[in-house]
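Chain by chain, the residues:
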Amino acid sequence: MSTVEVRVGRTWLPLRRAPGCPQVPESSKLRLRGLNINELVSLGHYATNVDANGNVELGFSNCKELFGHLGLVEVTRESGASAGEFEIVPDKTSEDAFQALRVALESVWSGLIFDPDGVSRLRGQLPSPHKLWRAIEKPVRDIAAEPRSILTRGEGVRRLEAVRKPSELTSGVIRVSAAMASRAGPNPDGVSDRNAAARADWPTRPARTSLVVREVAIPENALVAETLRRLAAYARRQPDGLTVATLANRALREQPFVSCGPFRGATESALARTLHDQRYRQIAKVLRLLNRPEAHATEGPGEARLGVKGMIRLYEYWVFLQVLVACRKKYGPPIEAGFDVLGTRTASGTTRLEIPQGATVRFAGGVHVGFEPTISSSGRDWCGLENVPHPDNKLAQQMITPDVVMLRLGPLPSAVVFDAKYVGRHWVETEAARIHTRYSRIRLQGRPVVRHVLAVHPHEGIDYLWAGYGSVPMIPGEPVDLSNLLP
């Protein structure tokens, strides 16, 4: 049987099992070759016939079974044999959904870490992005029109007749002027050039020289640029801050701010030169607010730097945070370290957003919520939970790491497993049944504890709860209700 290949960019790659299977961008056209002529093949939940050349071609956007699906797709031949897998990865098609997810993720994440009523060390409450922008909008506009500057020595061009200072009369200016003058004289044959006199009156060519220039890339203007950057980062994390983030970034692309490098924090020295300039003083007040820990431009999560390519991982973070929000609402604020496990303060004073594997937040009443906890068949890992391998050897696993596990201890311990599935609508039920097989056999001290195994997805209208498993929608930017699912 021939090897089935998929087109990725300009290369044909053989299908194989994950990990290491070919990755196909969701906006591209799927092309498969190496199949039997007129063979009926299944691409996940979509069945189609092979053409007369042994190929399959289709656009994901025109296929309702594959449109919106991110993740693995198995190719099954008519004989029932698997030809391998390929992975649909996000690209520009998911850009809008990615931006909505990132804004919602940062907003909830920062809201938990910097909860003014919480027990975390990082507390605070700031004015809205719109209020901060209104405070600096006019000063920023006025500074852009007439920024502070200093005179400094720089490099530029001068013509000989425009030289006004000895320092501007360099050898380059003289050399170019002499060359122009030589061309204005008689030609080498001694014949008078009728245009020589006219050319002698022409301006000489410019040459590079040392000039006194007006420099705007100074600490005072860098302070304004830093304020705009901080405000844009803060606004992106707020549900209604997208407009302010856009306006701040637009101002950053204009002079003099686009010429300013990173601000090194010399706030006091910069302000000392602007004590009588109300424009800069007003902006400095806003920067002091944005310097508070809860408003710092956060670093990470690292997957956010990948853009839409990190979308699946960011959705897993989003699901974990939503479970924490639901637990806080039902059980009260967390205990011990609280939500501090979700962020790390760096030496520069910023907060790095990160959720390490096994991170656990505890609530009153013996409630534990873990992110990707390790649960092994030995029962010696996360919270003493034991994974009982499936009796079917093909499905048996000695160790599992569900995305999110919520465990309530006590006389009758109970657990709920949430597994994020950023898949197409047609895949939700299949994924729900599959993860139930993987994660339902968990016990504590010899007693089964799993109440539900839930596939979490970003689609409306798919909210089924079967015996022991089901699905629940969690859509970034939309309210999530888990009150009936927590023990």
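As a reminder, the structure under discussion sits directly above these lines.
Because the structure is predicted, anything quoted here is derived from the model rather than measured.

What counts as what
- Each chain carries its own residue numbering, running from 1 in the direction its sequence is written.
- For this predicted model, a pLDDT threshold of at least 70 governs which residues receive local features, and a threshold of 80 or more governs which side-chain atom pairs are given and counted, while totals over whole chains, interfaces and linings are taken from all residues.
- Values reported for side chains reflect all heavy atoms of the structure, with hydrogen atoms and water molecules removed beforehand.
- At least two DSSP bridges between two strands are required for those strands to pair.
- To qualify as a helix, a DSSP run of H or I must reach at least 4 residues; to qualify as a strand, a run of E must reach at least 2; elements of each kind are numbered from the N terminus.
- Here, axes are lines fitted to C-alpha atoms. For helices the fit covers the stretch in contact, and angles between N-to-C directions go from 0 to 180 degrees.
- Two rings belonging to Phe, Tyr or Trp (six-membered ring only in the last case) form a pair when the distance between their centres is within 6.5 Å. Interplanar angles under 30 degrees mark stacking, angles over 60 mark edge-to-face geometry, and anything in between is tilted.
- Relative accessibility under 20% of the residue-type maximum defines a buried residue, over 50% an exposed one, and the middle range a partly exposed one, all with a 1.4 Å probe and only protein chains included.
- By definition, a salt bridge exists where a carboxyl oxygen of Asp or Glu is found within 4 Å of a side-chain nitrogen of Lys or Arg.

Regarding the sheet that holds strand S7 (residues 56-59)
Link 1 in the chain: Reading across from one edge, S2-S1-S4-S7 is the order of the four strands in this open sheet, with antiparallel pairing throughout. Looking at the sheet topology across the chains shown, the edges are occupied by strand S2 (11-14) and S7. Each strand of the sheet is rotated relative to its neighbour by a mean of 25 degrees, with strand direction disregarded.
Link 2 in the chain: Note that strand S4 (residues 29-33) and S7 share four bridges and pair antiparallel. Within the sheet, the bridge partner assigned to Arg31 lies in S7 and is Glu57.

Side note on the packing of aromatic side chains
Link 1 in the chain: Using the criterion set out here, one finds six aromatic pairs in the structure.
Link 2 in the chain: Centroid distance Tyr315 to Tyr422: 5.1 Å. Interplanar angle 85 degrees. Geometry classified as edge-to-face. Placement of Tyr315 in helix H9 (residues 311-331) and of Tyr422 in the loop between strand S20 (414-420) and helix H10 (428-439) is noted, with a sequence separation of 107 residues between them.
Link 3 in the chain: Exposure remark for Tyr422: the relative accessible area of 15% places this residue in the buried category.
Link 4 in the chain: A network of ring pairs unites the aromatic residues Trp109, Tyr317, Phe320 and Phe371 as a single cluster.

Quick look at the sheet that holds strand S9 (residues 82-89)
Link 1 in the chain: In spatial order, the strands read S3-S9-S8-S5-S6; together these five strands make up an open sheet with mixed pairing. Since the sheet does not close on itself, it has two edges, and those belong to strand S3 (23-25) and strand S6 (46-49), each with one partner. Averaged over all neighbouring strand pairs, the angle between strand axes comes to 30 degrees, with direction disregarded.
Link 2 in the chain: Across six bridges, strand S8 (residues 71-76) lies against S9 in antiparallel orientation. By the bridge assignment, Val75 is partnered in S9 with Gly84.

Quick word on the pattern of salt bridges
Link 1 in the chain: The tally for this structure, following the rule as stated, stands at 16 salt bridges.
Link 2 in the chain: Linking Arg279 and Asp277 is a salt bridge whose minimum nitrogen-to-oxygen distance equals 2.9 Å.
Link 3 in the chain: For Asp419, the salt bridge goes to Lys421, with nearest N and O atoms at 3.2 Å.
Link 4 in the chain: For Lys421, a relative accessible area of 14% corresponds to the buried category.
Link 5 in the chain: By sharing partners, the salt bridges in this structure join Asp419, Lys421, Glu431 and Arg434 into a single network.

Limitation: the analysis is restricted to geometry and does not speak to function.
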